[in-house]
Amino acid sequence: MLATIEGFTVNFSQPIDISIPLTNDEKNPIAWYIDKPVIEPVKMGDWVGKVSEGSSTNFNNIFFNPHGHGTHTECLGHITRDFYSVNQALKQFFFRAELVSVQPEAQGEDFVITKAQVEKALSGKTPEAIVIRTLPNDSSKTSKNYSNTNPPYLEEAAATFIRECGIKHLLIDMPSVDRESDEGRLVSHKAFWDVKDINNLNADARHDATITEMVYVNDEVKDGSYLLNLQIASFENDASPSKPVLYKLS
């Protein structure tokens, strides 16, 4: 199916899925010191919700954490005292996006994505969404246990720059835009959402902006401009598992 959007042609029959599937085995990525997801049939007495064990249907329970078990999209409710739902924050689902590849810079024991790197990668473009692919890029990102590994993250100045560009949706292939262990400061989350006080939310905080973490963009997908379809499940929660899909613009 072809469509024309803002002078570009989009082929909706050629989606580029940059989400990581959720599984119940060791291949599932993990962050934040939790165990792998659990997907198992319901058991009630002698009845097991599994066709191979005599049931008429497969009837599974799924136990997972959206922040720690794969691709997820979150709103500012992730860091505020008061409750805010990503399902209420995200009301549009198609955005002009720019995919950029960045090799984080060594800063002491850390690897950091800097403002200068993001500014150079965008080259003056101001899309609605940015997808940051970190280098080196390999398929281990789809199954890695990130706990206690101090993964690369976004410096506060870079998050501020992205916000000031007017970008509403930030996607990254790491477990967090902030340092794994930062004593709860979460400076890049706060900078991107423009949250000045987590206990008394400022009026100009960005309720309609989202952060999507733990995506994976294959090397075959080239840097450049895309149409992003940011799909979430309808959870009334600060975060939801999500399925961001890119489409080439030509």
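Everything discussed here concerns the structure shown above.
Please read these numbers as outputs of a predicted model, since none were measured by experiment.

A. How the structure looks around the pairing of strand β14 (residues 169-172). Burial along β14 is two-sided: His 169 and Leu 171 and Leu 170 and Ile 172, pointing in opposite directions, are all buried. Pairing between strand β12 (residues 129-134) and β14: 4 bridges, direction parallel. For Ile 132, the partnering residue across the bridge sits in β14 and is Ile 172. By the bridge criterion, 3 bridges tie β14 to strand β15 (residues 210-213) in an arrangement that is parallel. The residue of β15 that forms the bridge with His 169 is Thr 210. Where the polypeptide runs from β14 across helix α4 (residues 187-193) and back to β15, its parallel neighbour, the crossover connection is right-handed.

B. Quick peek at the pattern of salt bridges. Tallied over the full model, the rule gives 13 salt bridges. Put simply, Lys 36 and Glu 26 hold a salt bridge, and the shortest N to O gap is 3.3 Å. Of the two residues, Lys 36 is situated in the loop between β3 (16-17) and β4 (38-41) and Glu 26 in the loop between β3 and β4; the sequence distance between them amounts to 10 residues. When its relative accessible area of 33% is taken as the criterion, Lys 36 is described as partly exposed. Between Arg 163 and Glu 164 there is a salt bridge whose closest N-O contact spans 3.9 Å. Residues joined in a network through salt bridges with shared partners are Arg 163, Glu 164, Asp 194, Lys 196 and Asp 204.

C. Layout of the sheet that holds strand β11 (residues 110-113). Taken together, 3 strands build an open sheet; the order of strands is β10-β11-β13 and the sheet is mixed. The sheet is open, and its two borders are formed by β10 (105-107) and β13 (153-154), each paired with just one other strand. For β11 and β13, the ladder comprises 2 bridges, and the chain directions are parallel. Paired with Val 112 across the two strands is Tyr 153, which belongs to β13. Contacts from helix α2 (residues 115-122) reach β10, β11 and β13 within the one sheet, and its direction differs from that of β11 by about 40°.

D. How the structure looks around the packing of α2 against helix α3 (residues 156-164). Following both chains from N to C, one finds α2 and α3 inclined at 35°, their axes separated by 7 Å at the closest point. Contact with α2, carried on its side by Lys 115, Val 118, Glu 119 and Leu 122, involves Ala 157, Ala 158, Phe 161 and Ile 162 of α3 and no other residues of that element. Its residues assigned to classes, the contact of α2 with α3 shows 6 nonpolar, no polar and 2 charged.

E. The arrangement of empty space enclosed by the protein in detail. According to the stated counting rule, one finds 1 cavity of 30 Å³ or more in the structure shown. Roughly 60 Å³ of volume is contained in the largest cavity. Around the largest cavity, the lining residues are Ala 31, Trp 32, Tyr 146, Ser 147, Pro 151, Pro 152, Pro 175, Ser 176, Asp 178, Arg 179 and Glu 180. Taken together, the residues of the lining of the largest cavity sort by class into 6 nonpolar, 2 polar and 3 charged.

Reading the values: rules and limits
Residues numbered from 1 in each chain as written. Predicted model: local features only at pLDDT ≥ 70, side-chain atom pairs only at ≥ 80, totals over all residues. Heavy atoms only, no water. Buried < 20%, exposed > 50% of the residue type's maximum accessible area, 1.4 Å probe, protein only. Helix = DSSP H or I, 4+ residues; strand = E, 2+ residues; numbered from the N terminus. Pairing = 2+ DSSP bridges. Right-handed = clockwise from strand over helix to strand, strands pointing away. Salt bridge = Lys/Arg side-chain N within 4 Å of Asp/Glu carboxyl O. Contact = heavy atoms within 4.5 Å. Axes fitted to C-alpha atoms, helices over the stretch in contact; angles between N-to-C directions. Nonpolar A, V, L, I, M, F, W, Y, C, P; charged D, E, K, R; others polar. 1 Å grid on protein atoms, 1.4 Å probe; cavity = no way out; pocket = protein on both sides within 12 Å on 5 of 7 lines; lining within 4 Å. Points joined across faces, edges and corners; volume = space filled by probe spheres on them.

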